[in-house]
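Next come the chains, spelled out residue by residue.
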Amino acid sequence: MKKRLAIAALVALPFFGAPYIFRQSPAQVVYADSSQPHYLKHLKQPKDEVQQILEVARVVNTFDGAFGASEFIAGNIEEKVKVYGKDVTIVFHNYVQDGEDVRYFRTGGIDVLKKGAFEAVKQDIVATLHEAAEDAYKEHEHLSKRIIAIQEKAVGKRLENSQKLEDLLDQKVKGYENLIVADVLGVPRLSRVDFVPSQLHVGPLLDALGITFINSEFVGYDWLARQIDFVQGRPNILKHELVHNCRKLQGIPTIYEYDAEFHASMVMDHNALWFMRHSYLNDARSLAKVLFGFDAVKAFNDSRKFSLLPGSPLDENKMADYAKKINLVEKEIHDTYFEKFLPEYIANLSFWTAVNDDLNDKNAAFKICAWAYYQPTLLDGKGRESTVQWLRKNQKVIEEAAKEALEEIQKERENPQPIMVPDVHHFSPQEKELVKSFLKVMGVSDDEDLAPVLKVVQQMSKDGVFDRLRFYR
Amino acid sequence: MRKKNNSWLWGAAFLGVLGLSGCKEPFDAKVMKILQAKKGYTEEQALVGAGQALRWRYMVEKDGLFLFNYNAVPLEDKVKKIRGMQRTLNFWLDPRNDRTRRYLDLFKQREYLEHQEKILEYKVDRFNHVILYAQFERLMRKQHVSFSPVMKEAPTPKGLSDLEILLPQTNLTKELPFNAGYVESAKSRKQLRELENIIHSITFYEEEANPQYPHIDPHNKTRLVRQTRDLQIITYSCSDVGNEEEVRTRSADYIEVFRSKNGAWEETPAIKIFKSQGSELPTVVVLDKDRAGLRGHGVPDLVSELEGGLMSGKMLLTHHEGLLEALFTKPVQEKRVLPVEVPQEVKIVHVGEAVASKYVLSEDGWKVPYDRYNQGTNYTLWVKYVDDKTPHAVSPELALRKVSEIEYVAKRFFVPGTRDVLQGRLGDDVQGRVVEYYKVKPEFAKSVKAAYIDEGTHMLKLLQHGKPLSENSDEFFFVAQDGKDPKPYMIQFDEGERRFSIVDIDGKPQKKSLYEAREEFARPHDLDLRQDGVVR
């Protein structure tokens, strides 16, 4: 059950890794009245995608990362606003009213914002929230209609003449207090307001770009995320969080049954580099490779010949070329997700959640859906048989492997392996201290069950995550 | 230089990102591994193979298109998944879990999650109806089918799809009637003849609205009340061939059991017992636990097979009374009672000052705020000997110890169904983590060499020096506190952020309870009887 708690919050990680070192900050800056918020000053919004990637990289490089995340919200400036008719409290972390001025506590110092300068901050955030909620909603605007169409096709013969399923959705379910047909068929019937949080927390929050606590309408949005969104000209990261925020789509308990991060990432208009590298898009890259023959890993390695600690040289021409190809791939995946998969998944939720479970894969349903609509092309090539021809010849072997894999999963379920947790009693005092301080940094208190944490650490170590973190610092 | 952060949820956020969900190897990775390791495929070929494996498992090809095969997953798997989601909700809604409780209350999500529970309850009810019907059909046809993970077809009765099952407009009771052709045919030909008509009384506990709620007893909306109900068992012959005398000597073709409701019989039988194909006697039982007027009435809760069958309705009384009792033993769901937040007070007593009694006394007497924690045998026993510091859990193992006197025996209650003796699981504590303490009768308390238990019969065994082994129900050994039935002299339980002991010091009943004294202490995070369950 720890696992359930573990994903109580969903965060967007900067894929560049977690900065760690405290840096000296410049002296106090006083911002006069301005039409632009202080954190966006001097930032560019290049239209060219490669230039945009480079500007984002520079933004990330300037990011201090020594977080002043306040444990207590009280004491910060709170603004109550209406977003699409919904009351939203925006909490500006580390901003404190001081007469006419606002003091902003940043890492290593305090800046002063004159009245107009803070007004620019407010306006920027309110406008960004409006835009992100609108964009997140637009992606799901036709979802309910599509779900109803699938369901109507399946149960149409049970409806009376000229009766529409949509007209039945508000009917009460006999014997079940407060349930209506829409509840039991799972038709979400979304509006913009469903994506709007009750509380938006902006400012230096934690080692992540954004965070949403499920079923809470509590969203956090880091300044770094705002800067990246600004450079990209669209509030991608906030939009991602607002999908998590929509409990009709990602509420308890259904959020645990599929890949909620993949879903939220599908609303983002990623640049090519995000597509190549962000961990939430692993399955998108894998499908792009097998179905469309596009190898994102190769593309990344081609564009960045060698990884060097102070900065890797980027082949801008290659990146520009790959960006065009990635746009094509992303459009196919995006459209399949929203037009085909998501309506199908929700319309037949009992089936697909069982499939995900049977296959130990939260994104299995989407993979199956993609394979229903595209023929694979990975093995196509000059002088070779097509992938489809190859598949026909190898069908039997693949079936046997599939059966073996299913039986293996079944056996693993019947004989679950205990979680291997290192016996801390056998650790040396130094090792014990090291583990303790690591867990402390991770925010795990002494009285928690450490087994899940240690298991993750083991997995990270096995996967070489620690080694990569060193490079990304 | 990072700021210390103690918030559990922030920590949880990291864990989510780092991928706890990736603990089990997914199907496609397994397929790839098999194809590469055993078939010599390249990584690219294996990647294509893994996708094709998904097609093979969950799609059918028709007219050049790939269509989803919804029959590839049996209804049982879908219900299993929904039950998993119910467990998730239960985890979040459990009032004993401080973290989730505070989270839900902070964001006012309790009602929303309870609504989600209702949705899942509906789905389970609907799917279970169809699963039971499929089971009924199989038993009637003497078919035995099991679904293996590599089978691709698990058809449903009448080909009903998930959505058809879930659509409330689908009348499942009408479409999937738990009837047999031979009975219906005899009814329509008016050949159904009564062989026996027996009235039988049965005693059981029933949940009803608590009249003392909320003013006198704010914790329990309902209470369990001992009830007696009449049952009518009717045995039928489905043939009218032969005279009255000949018919009387026939064995049963079909049996019905009716419950009484306010002095009248319910219209539909609570139990029906049919003959399966080719069988001489009725063997297939369909049982409905829900009384008329309640949700679920008319929909079976159980379909099973009786070994050997029934010659007559009387055999239900002589051989299968448990089946009749099952009509009234619907598991009572534990109510979620949110703890009352008690304001924290500072209590300072200087050494040497007069100290008030540790007990708060009540003329009415103190009560346990949970009335259904004891459901028969849902407890583990702990024995404390006078010369030991802490009590020991009573196990089925006979382990001799040095001769000693028993100080008390404690019963620690667990939620029924959560204990697994084979796996060594003690079970989840009931709400309030209730523990009862009993004194043992002097003739059994002294010179004890061993105390152990028969897990099957729940018989406690006491081996005393110089005496034969005593074996009986545990309560047989306990002292009666009020001179009547054996009762605990002390009960401990949690309420809100505190833990309480209520104690019978004078051995006499008070106005409303046996326990006149109450002591309050800090609620331990993990209840360990060896530390927290000591007599105070």
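Rules used in this analysis
Residues numbered from 1 in each chain as written. Chains lettered and ligands numbered in written order. Predicted model: local features only at pLDDT ≥ 70, side-chain atom pairs only at ≥ 80, totals over all residues. Heavy atoms only, no water. Pairing = 2+ DSSP bridges. Helix = DSSP H or I, 4+ residues; strand = E, 2+ residues; numbered from the N terminus. Axes fitted to C-alpha atoms, helices over the stretch in contact; angles between N-to-C directions. Parallel < 35°, antiparallel > 145°, perpendicular 65-115°, else oblique. Left-handed = near helix turned anticlockwise from the far one by under 90°. Contact = heavy atoms within 4.5 Å. Nonpolar A, V, L, I, M, F, W, Y, C, P; charged D, E, K, R; others polar. Buried < 20%, exposed > 50% of the residue type's maximum accessible area, 1.4 Å probe, protein only.

Residue and element names in this part refer to chain B. A sheet is described by the order of its strands in space; here 3 strands give the open sequence E15-E16-E17, paired in antiparallel fashion. Because the sheet does not close on itself, it has two edges, and the strands there are strand E15 (448–454) and strand E17 (470–473). Averaged over all pairs of adjacent strands, the angle between strand axes in this sheet comes to 20°, irrespective of strand direction. Here strand E16 (residues 459–464) runs beside E17; their pairing, made up of 4 bridges, is antiparallel. By the bridge assignment for E17, Met459 is matched with Ser473.

Turning our eyes to something else, we now look at the packing of helix H4 (residues 143–155) of chain A against helix H14 (residues 316–347) of chain A. Residue and element names in this part refer to chain A. It is the contact of H4 with H14, at a shortest axis distance of 8 Å, that shows an interaxial angle of 60°. When the interaxial angle is binned, H4 and H14 end up oblique. The handedness of the crossing between H4 and H14 is right-handed. Where H4 abuts H14, its residues Leu143, Arg146, Ile147, Ile150 and Gln151 lie against Phe338, Glu339, Leu342, Pro343, Glu344, Ile346 and Ala347. Classifying every residue of the contact of H4 with H14 by side-chain character gives 8 nonpolar, 1 polar and 3 charged.

So, on to the environment of Ala405(A). You can see Ala405(A) is positioned in helix H17 (residues 387–414). A sequence separation of 46 residues divides Ala405(A) from Leu359(A), and the C-alpha atoms of the two residues are 9.2 Å apart.

Okay, unusual backbone geometry next. Working note: non-glycine residues mostly have negative phi, and peptide bonds are mostly trans. For the bond from Ile252(A) to Pro253(A), the omega torsion is 10°, close enough to zero to count as cis. By the secondary structure assignment, Pro253(A) is in the loop between helix H9 (247–250) and helix H10 (260–266). A positive phi angle, near 55°, is found at Lys108(B), a position not held by glycine. On the accessibility criterion, Lys108(B) (69% relative accessible area) is exposed. Not every positive phi belongs to a glycine, and Arg433(B) is a case in point at roughly 45°. Along the chain, Arg433(B) turns up in the loop between strand E13 (406–413) and strand E14 (435–438).

As a further point, take the pairing of strand E11 (residues 379–385) of chain B. Residue and element names in this part refer to chain B. Across the 7 residues that make up E11, a large majority, 7, are buried. On E11, burial covers both faces: Tyr379, Leu381, Val383 and Tyr385 on one face and Thr380, Trp382 and Lys384 on the other are all buried. Where E11 and E13 come together, 7 bridges link them in antiparallel fashion. Each residue of the ladder has a partner; that of Trp382, found in E13, is Ala410. If you look at the hairpin formed by E11 and strand E12 (residues 392–393), you'll find 6 residues sitting between the two strands.

Let us look at the sheet that holds E12(B). Residues and elements named next belong to chain B. Taken in spatial order, the 8 strands line up as E10-E20-E19-E18-E14-E13-E11-E12 in an open sheet, and their pairing is antiparallel. The open sheet has two edge strands, strand E10 (360–366) and E12, and neither has a second partner. Relative to E12, E11 runs antiparallel, the two being bridged by 2 bridges. Paired with Val383 across the strands is His392, a residue of E12.

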